[in-house]
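Remarks on the overall topology
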Amino acid sequence: MDGPAFDAFSRQCPSRSTLEHATGRWGALTLGALYESGCRFNELRRRVDGVSEKMLSQTLHALERDGLVRRDARPVNPPRVDYELTPLGREIAGRLLGLIRLVEERMPEVLAARERYDTPRERDETPPERYETARGGL
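Residues numbered from 1 in each chain as written. Predicted model: local features only at pLDDT ≥ 70, side-chain atom pairs only at ≥ 80, totals over all residues. Heavy atoms only, no water.

1. Observations concerning the overall build of the protein chain
Heads up, the rule is: Strands here are runs of E lasting at least two residues and helices are runs of H or I lasting at least four, both read from the DSSP assignment and numbered beginning at the N terminus. Each residue's exposure class comes from its accessible area (1.4 Å probe, protein chains only) as a fraction of the maximum for that residue type: buried when under 20%, exposed when over 50%, partly exposed otherwise. In what follows, residue pairs with any heavy atoms lying within 4.5 Å of each other are defined as contacts. Calculation of accessible area relied on Shrake-Rupley with a 1.4 Å probe; when residues are assessed, cover is drawn exclusively from the protein chains displayed.
In terms of helices and strands, the protein chain carries six helices and three strands. Within the protein chain, the fraction of its 138 residues that count as buried is 24%. Partitioning the intrachain contacts of the protein chain with sequence separation of at least 6 by distance along the chain shows that 41% fall at a separation of at least 24. Carbon and sulfur atoms form 51% of the exposed surface of the protein chain, whose accessible area is close to 10,600 Å².

Put into structure tokens, the structure is as follows:
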């Protein structure tokens with residue numbers, strides 16, 4: 001691929017914002033929800049349970065701007081707007097769905113780890129030393 005090299009670990013790299021849009025909670029779930037087929041806004045909102053109308057709208061705008069989602073507004077009465085993944089969005093969504101499935105499959109281990117982590121903290125409210133910063137505090 002010709003052009004500049006991108007490094008998401010660099011503060012100035014433009015890939016950081018796209019990574020944030022695609023991997024943030026609502027972005028990842030929106031891309032995943034659109035993977036099987038495109039749908040209208042309210043269908044998408046029902047599929048991505050818990051997202052507000054405003055947040056879904058902002059998420060879709062960001063994903064559309066990044067070229068991951070295509071918005072198709074049809075001039076009919078009442079107006080109809082459909083959303084679908086672009087080829088790039090489909091590729092990214094496929095990889096995200098792999099991660100989502102892995103997390104879902106491994107949740108028993110995650111829940112056990114949370115339990116192990118939280119149990120000692122409930123008995124002793126003193127913060128563990130391992131989380132102290134170089135400045136000597138939390």
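2. Let's talk about the packing of helix α1 (residues 15-23) against helix α2 (residues 25-34)
Quick note on the threshold: Lines fitted to the C-alpha atoms define the axes, with helices restricted to the stretch that makes contact. Angles between their N-to-C directions range from 0 to 180 degrees. Note on angle classes: values under 35 degrees are labelled roughly parallel, values over 145 roughly antiparallel, values of 65 to 115 roughly perpendicular, and the remainder oblique. Classification used: nonpolar for Ala, Val, Leu, Ile, Met, Phe, Trp, Tyr, Cys and Pro, charged for Asp, Glu, Lys and Arg, polar for all others including Gly.
Packing of α1 against α2 leaves a shortest axis separation of 4 Å and a crossing angle of 65 degrees. Considering the angle they form, α1 stands roughly perpendicular to α2. Contacts from H21, A22 and T23 in α1 reach R25, G27, A28 and L31 in α2. Taken together, the residues of the contact of α1 with α2 sort by class into three nonpolar, three polar and one charged.

3. Examining unusual backbone geometry
The step from N77 to P78 runs through a cis peptide bond, and the omega angle for that step is 0 degrees. Tracing the backbone through its elements, the reader meets P78 in the loop between β2 (69-74) and β3 (80-85).

4. Looking at a nonpolar patch on the surface
Rules: Patch building starts from residues that exceed 30% relative accessible area and form no salt bridge, then joins like charges within 9 Å and nonpolar side chains (Val, Leu, Ile, Met, Phe, Trp, Tyr) within 5 Å. For this document, the term salt bridge refers to a Lys or Arg side-chain nitrogen within 4 Å of an Asp or Glu carboxyl oxygen.
On the surface, a nonpolar cluster with roughly 250 Å² of combined accessible area is contributed by L99, L102 and V103. On the secondary structure map, V103 appears in helix α5 (residues 87-105). Classification of V103 as partly exposed rests on a relative accessible area of 42%.

5. Topic: the side chain of D66
Defined as follows: Only four residue types enter the charge count, namely Lys and Arg as positive and Asp and Glu as negative; His and the chain termini do not.
Within the secondary structure, D66 sits in the loop between α4 (53-65) and β2. One buried charged residue, D66, remains without a salt bridge, the closest side chain of opposite sign being R65 at 4.9 Å. In this view, D66 contacts S17, T18 and H21; residues no more than four positions away in its chain are not counted.

6. A closer look at α5
Counted only if it meets this: What a helix is expected to span follows from its residue count: subtract one and scale by 1.5 Å. Relevant arc is that of directions from the helix axis to the C-beta atoms, nothing else.
End to end, α5 covers 27 Å across 19 residues, agreeing with the expected 27 Å (1.5 Å per residue, within 8%). Every buried residue of α5 is listed here: G89, A93, L96 and L97. Down the axis of α5, the smallest arc covering the buried residues is 115 degrees, so these residues share one side. Of the exposed residues in α5, the ones pointing more than 90 degrees away from its buried face are P87, R95 and E105. The inward-facing, buried residues of α5 abut α1, α2 and β3.

Remember, this is a structural readout, not a statement about activity or role.
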